[in-house]
Amino acid sequence: MEPEYKSKYNAHLIKVILVLIVLGVGGIAAQALFIPSDFGEYGHYRTGAVEDEINRLVRNQTNESCLKCHPFIKKIHLGGVHKTVSCEFCHGPNADHAVDEKKIADMPVKRGKDIKTLCLRCHNKIIRARPEESIKMIAMPQHLEEKRVQTTHICNQCHHVHAPMKWVIEAKKAHGLIKEKEGLFPWMN
Amino acid sequence: MDELKLSEIREEIQKDRRAFIKNVLGGTIAGSLLMVIPAGAMEFPEQIPGMQDETGIFITRKKFAFIVDITRCIGCGSCCVADKNEYKVPEGNYRTWVERYIIDDHDNVFVDAPNGGLDGYTEPREDVPNPVRDTFFVPKLCNMCEKPSCVQVCPVGATFQTEDGFVLVDDKRCVACSYCVQACPYSVRFINPVTKTADKCTWCYHRVRKGLLPACVNVCPTHARKFGDLNDKKSEIYKIMRLPHIISVLKHGMGNKPSLHYLGLRREVV
């Protein structure tokens, strides 16, 4: 005869098994619900995330794309030493200006004191750490004193912002200081 | 516009081969043929040769590397501006930034990066007591490690390395636990306060896949930032890597194997 203390019913076992089944099914359901179907296709990540990244909007375009619609500026910009300077650095990203080559808003144009700040971002001599040989450096206001102009002058009164030596060369040619054909700095043209 | 469909052209050919060829040569169908072939599908100029042929989910034929030439950087901050514009990076966060190093003749090193170089460097450093021995700018960005620690620590698979070697962040899965921010030896990661997810430089993966250069490379006026394909023997990157230049990576000892290389890097930075 079986001892008294052993239960004749398996209710306790059935309860445990039922709980396990519910947990298992719940777990699988939760996994199916929360883990995207393309997860783990190539690695421990969602394949769609790569596509999301590829489809991100390109906000900065190239200089060519800007100059395509601005032929007048193109002629000046590409003719000067600033041809490597990005349009969008000074004027802002293309995406804020044009969509499918149609203008949606005006680009900001820096004027007055802002011009000086902008120029000195690259050309300020007093900022040490710049390799001297790569670009022309000037110190303010010594440069203005040297050129014998008022110290209140801003850069674009003498320098065309798109082709800095354009007016200087033209003025020197007009005064016969340099010959008609040669530039001020032959390597710059 | 009378547009001929491919099936119609095929029919035309079936009907009378000789007449069809005559017509094409005569120019009556030629115009319509051009209409069928999609022209001008390329929206972007191809700055990276052969990139627009890569249409699969991953880039298969290319291995990209980034080189920053310290000897050319003038610290103008064009790259930082372009980066900010490309991604609308919230104020106070930087996907890329430019540091200024000043080393005096007693070998004391002074480093600063006001606003990450975003506004350029407008003021000289006044607190350097001794004469300056060496001074230069160091642009910083994602090192795109071959063995990224950020990917290793991510608990939800939100940051990952694609098969073409780019380390990206999936902002739909990221729970902003910041493990990756701490794990990155180069401190390029941050929690974006707008999306509330981890964010970092991706070498402009979306631009590269369209054949464009990364935004910072595209705008650099002195060509200090270079990006290209190591498998392409004609690329500048390939040539630089195979010539006896002083090329180094940051924190070599960490073993992350960065794909970002520096040209002319001083030992004080490493």
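That block above? That's the structure.
Since we're looking at a predicted model, the values are computed, not measured.

What counts as what
- Residues numbered from 1 in each chain as written.
- Chains lettered and ligands numbered in written order.
- Predicted model: local features only at pLDDT ≥ 70, side-chain atom pairs only at ≥ 80, totals over all residues.
- Heavy atoms only, no water.
- Phe/Tyr/Trp six-rings, centres within 6.5 Å; stacked < 30°, edge-to-face > 60°.
- Helix = DSSP H or I, 4+ residues; strand = E, 2+ residues; numbered from the N terminus.
- Buried < 20%, exposed > 50% of the residue type's maximum accessible area, 1.4 Å probe, protein only.
- Patch = residues over 30% accessible without salt bridge, like charges linked within 9 Å, V, L, I, M, F, W, Y side chains within 5 Å.
- Areas by Shrake-Rupley, 256 points an atom, 1.4 Å probe, with all protein chains shown as cover.
- Salt bridge = Lys/Arg side-chain N within 4 Å of Asp/Glu carboxyl O.
- Pairing = 2+ DSSP bridges.
- Contact = heavy atoms within 4.5 Å.
- Buried area = accessible area lost by both parts, 1.4 Å probe.
- Polar contact = N/O pair within 3.5 Å; in protein donor to acceptor, adjacent residues only side chain to side chain.
- Nonpolar A, V, L, I, M, F, W, Y, C, P; charged D, E, K, R; others polar.

1. Regarding the packing of aromatic side chains
All names here are of chain B.
Item 1. Applying the stated criterion across every chain yields a total of eleven aromatic pairs over all chains.
Item 2. An angle of 50 degrees between the planes, with centres 5.4 Å apart, marks the rings of phenylalanine 66 and tryptophan 203 as tilted. Taken as a pair, phenylalanine 66 in strand 1 (residues 64-69) and tryptophan 203 in the loop between strand 8 (197-199) and helix 7 (205-208) lie far apart in primary sequence, 137 residues in all.
Item 3. On the basis of relative accessibility, which here comes to 0%, the residue phenylalanine 66 falls in the buried class.

2. Thoughts on a nonpolar patch on the surface
All names here are of chain A.
Item 1. On the surface, Leu13, Ile17, Ile21 and Val25 cluster together to form a nonpolar patch covering roughly 370 Å² of accessible area.
Item 2. Topologically, isoleucine 21 is positioned in helix 1 (residues 11-34).
Item 3. Judged by relative accessible area, which is 47%, isoleucine 21 ranks as partly exposed.

3. Concerning the pairing of strand 2 (residues 97-104) of chain B
All names here are of chain B.
Item 1. Here strand 2 lies mainly inside the structure; eight of its eight residues are buried.
Item 2. By the alternation rule, side chains of strand 2 split into Trp97, Glu99, Tyr101 and Ile103 and Val98, Arg100, Ile102 and Asp104, which are all buried.
Item 3. Here eight bridges tie strand 2 to strand 4 (residues 132-140), and the two strands are oriented antiparallel to one another. When the sheet's bridge partners are listed, tryptophan 97 is paired in strand 4 with lysine 140.
Item 4. Sheet topology note: the strand 2/strand 3 (residues 109-112) ladder contains four bridges and is antiparallel.

4. Side note on the pattern of salt bridges
When the charged atoms of two side chains with opposite charge come close together, those side chains can pair.
Item 1. The tally for this structure, following the rule as stated, stands at 24 salt bridges over all chains.
Item 2. B:Asp69 is the salt-bridge partner of B:Arg72, the closest N and O atoms lying 3.5 Å from each other.
Item 3. Residues B:Glu268 and B:Arg267 are paired through a salt bridge, measuring 3.8 Å at the closest nitrogen-oxygen approach.
Item 4. Under the relative-accessibility criterion, B:Arg267 is labelled exposed at 64%.
Item 5. Put simply, A:Arg46, A:Asp52, B:Asp170 and B:Lys172 are held in one network by salt bridges that share partners.

5. A short note on unusual backbone geometry
Item 1. Geometrically, the link from A:Met140 to A:Pro141 is a cis peptide bond, its omega value of 5 degrees lying close to zero.
Item 2. Of note, A:Pro141 is situated in the loop between helix 6 (113-123) and helix 7 (142-146).
Item 3. For B:Ser178, which is not glycine, the phi torsion reads 70 degrees and is therefore positive.
Item 4. Looking at where B:Ser178 falls in the secondary structure, it is placed in the loop between strand 6 (167-169) and helix 6 (179-183).
Item 5. Phi angles above zero are rare outside glycine, and B:Lys257 is one such case at about 50 degrees.
Item 6. By the element assignment, B:Lys257 lies in the loop between strand 10 (247-248) and strand 11 (260-263).
Item 7. Judged by its relative accessible area of 44%, B:Lys257 falls in the partly exposed class.

6. Re the interface of chain B and chain A
Item 1. Listed per partner, the contact involves 60 residues of chain B and 39 residues of chain A.
Item 2. Summing both sides of the interface, chain B and chain A together bury roughly 4,000 Å²; the carbon and sulfur share of this comes to 58%.
Item 3. Linking chain B with chain A are two salt bridges, by the criterion used here.
Item 4. Between A:Arg46 and B:Asp170 there is a salt bridge, and its shortest N-O distance comes to 2.8 Å.
Item 5. The interface formed by chain B and chain A includes twelve residue pairs in polar contact (both at pLDDT 80 or more).
Item 6. Examining the composition of the side of chain B that touches chain A, we find that six residues originate from one element, helix 4 (residues 78-87) of chain B, more than from any other.
Item 7. By residue class, the composition of the side of chain B that touches chain A is 29 nonpolar, 17 polar and 14 charged.

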